[in-house]
Amino acid sequence: KSKSKMQNADAEMKMPDAAMAPTSNVRQEISSSGKTMSSLADTVKAKCTEAFHPLYIDVVDFTDGACSGAKLELTIVSEDFDKVPLIQRHRKVQALLKEDGLMDEKIHALTIKAWTPEQWEAKK
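Residues numbered from 1 in each chain as written. Predicted model: local features only at pLDDT ≥ 70, side-chain atom pairs only at ≥ 80, totals over all residues. Heavy atoms only, no water.

1. So, the pairing of strand β2 (residues 70-77)
Part 1: For β2, the buried fraction is high: six of the eight residues fall into the buried class.
Part 2: In this sheet, strand β3 (residues 107-115) lies alongside β2 in parallel orientation, the contact comprising eight bridges. By the bridge assignment, isoleucine 76 is partnered in β3 with alanine 114. (Buried < 20%, exposed > 50% of the residue type's maximum accessible area, 1.4 Å probe, protein only. Helix = DSSP H or I, 4+ residues; strand = E, 2+ residues; numbered from the N terminus. Pairing = 2+ DSSP bridges.)

Okay, structure coming up:
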C-alpha cells in the first residue's frame, strides 16, 4: 500500500474521540462497522444515555434475520462506571433494558463494552 492509503486505513481503525462524538447526536446512517442503525438501537442508546450520562455511546445493530430478536453491540463510556466491577456494569445495563422488556422480548444478543473514561482513553 502507498503511505497515504496506509494512513487512511490506520485512521479508520482508531476509535472515535469522545469529543468528536457527542451523545446528543443519534446516528441514523451506517455506523463505523458498516452495519446500520435501527430504531431498537436508537431506543437502547436513548435509555442508556438518560441513565448513565455517557461521554461516548454507540449502539450497532448486527441483526441478520436468522433469529427472532435483535443482535446489538453497545459501547458506552461513563464516569458512572468508575470503581464498578465489569460484571456489575453489565448487570446495570441489562437491568435497565429489562425494565421495558427489551432484553426479554426484542433483544436476542447484546454485546456490552462498558468502560470508564480512563479505560476509553487507554484503548484509543
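That covers the picture; the talk isn't over yet.
2. Remarks on the sheet that holds β2
Part 1: Taken in spatial order, the three strands line up as β1-β2-β3 in an open sheet, and their pairing is mixed. One side of each edge strand has no neighbouring strand; the edge strands of this open sheet are β1 (56-61) and β3. Averaged over all pairs of adjacent strands, the angle between their axes in this sheet comes to 10°, without regard to strand direction.
Part 2: Packed onto the sheet, helix α2 (residues 39-52) meets β1, β2 and β3 and runs at close to 30° relative to β2. (Axes fitted to C-alpha atoms, helices over the stretch in contact; angles between N-to-C directions. Contact = heavy atoms within 4.5 Å.)

3. A look at the environment of arginine 89
Part 1: With respect to the secondary-structure elements, arginine 89 resides in helix α3 (residues 86-98).
Part 2: Assessed through its relative accessible area of 6%, arginine 89 is described here as buried.
Part 3: For arginine 89 and alanine 114, which are 25 residues apart along the polypeptide, the C-alpha to C-alpha distance reads 6.4 Å.
Part 4: Discounting chain neighbours no more than four positions away, the residues touching arginine 89 are Phe81, Val84, Ala114, Trp115, Thr116 and Gln119.
Part 5: Of the polar contacts made by the side chain of arginine 89, one reaches the backbone oxygen of valine 84; its length is 2.8 Å. (Polar contact = N/O pair within 3.5 Å; in protein donor to acceptor, adjacent residues only side chain to side chain.)

4. Thoughts on a negative patch on the surface
Part 1: There is a patch of like negative charges on the surface, built from Glu79, Asp80, Asp82 and Glu118.
Part 2: Within the secondary structure layout, glutamate 118 lies in helix α5 (residues 117-123). (Patch = residues over 30% accessible without salt bridge, like charges linked within 9 Å, V, L, I, M, F, W, Y side chains within 5 Å. Areas by Shrake-Rupley, 256 points an atom, 1.4 Å probe, with all protein chains shown as cover. Salt bridge = Lys/Arg side-chain N within 4 Å of Asp/Glu carboxyl O. Lys, Arg positive; Asp, Glu negative; His and termini not counted. Charge placed at Lys NZ, Arg CZ, Asp CG, Glu CD.)

In short, shape yes, function no, at least from these values alone.
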